[in-house]
Amino acid sequence: MTFILNLLAGAILLGHALCVLNRMTRRSNHLYRMFYVLLGVGAVAVLTGPLYGYTEPPPGEVLLNVGMAGVVVTSWLAKNRRTAP
């Protein structure tokens, strides 16, 4: 179960990092750019881990990935909510 959660969170984080990096310009803050590049590299490492036999992630890693993915999804839902007709 933790393995599936970790893969799902990694996919969400990779998609978010790629979308944010795509919107950045050369005038964007370099610290933000470095953060999202490292976030994307970490997400790729999580997604390719099973290819190298990494199928039992530690609970701390799963907690961090799921927590960060929860922040991303919550902010996306808050930004894109619709009012009831």
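Described below are features of the structure shown in this document.

Procedures and definitions
Each chain carries its own residue numbering, running from 1 in the direction its sequence is written. Residues qualify for local features only when their pLDDT is at least 70, as the model is predicted, and side-chain atom pairs are given and counted only at 80 or more; totals for whole chains, interfaces and linings, by contrast, use all residues. Hydrogens and water molecules were not included; the side-chain quantities draw on all heavy atoms of the structure. In this description a helix means any DSSP run of H or I spanning at least four residues, a strand means any run of E spanning at least two, and both kinds are numbered starting from the N terminus. Should any heavy atoms of two residues lie within 4.5 Å, those residues are considered in contact. The accessible surface values rely on the Shrake-Rupley method and a 1.4 Å probe; as for residues, cover is taken only from the protein chains in view. Residues enter a nonpolar core if they are buried and are Ala, Val, Leu, Ile, Met, Phe, Trp, Tyr or Cys, with the set joined through side-chain atoms within 4.5 Å. Per-residue accessibility, obtained with a 1.4 Å probe over protein chains only, is compared with the maximum for each type, and a residue is labelled buried under 20%, exposed over 50%, and partly exposed between these values. Within 6.5 Å between ring centres, the rings of Phe, Tyr and Trp (the latter by its six-membered ring) count as paired, and their orientation is classed by plane angle as stacked under 30 degrees, edge-to-face over 60, tilted in between.

1. Some thoughts on the overall build of the protein
Okay, step 1: Counting its regular elements, the protein contains 3 helices and 0 strands.
Okay, step 2: Along the protein, from the amino end to the carboxyl end, the secondary structure elements read α-α-α.
Okay, step 3: With the C-alpha coordinates of the protein rotated into their principal frame, the extents come out at 45 × 40 × 20 Å.
Okay, step 4: The contacts of the protein with a sequence gap of at least 6 include a subset with a gap of at least 24, amounting to 70%.
Okay, step 5: Carbon and sulfur atoms form 69% of the exposed surface of the protein, whose accessible area is close to 6,500 Å².

2. Some remarks on the nonpolar core
Okay, step 1: Counting residues in each nonpolar core, the largest one holds 11 residues, listed as A9, L13, L14, A17, V20, M24, Y36, L39, A43, A69 and V72.
Okay, step 2: Only α1 (2-23), α2 (30-48) and α3 (59-79) provide two or more residues apiece to this core.
Okay, step 3: When residues in this core are grouped by element, the largest group, 5 residues, is from α1.
Okay, step 4: Leave out the neighbours within four places in its chain, and V72 touches I12, L13 and H16.

3. Structural notes on the packing of aromatic side chains
Okay, step 1: As enumerated under the stated definition, the model contains 1 aromatic pair in all.
Okay, step 2: Summarising the aromatic geometry, the rings of F35 and Y36 are spaced 5.1 Å apart at their centres and angled 75° between planes, so their arrangement reads as edge-to-face.

By themselves, these figures tell us nothing about what the structure is for.
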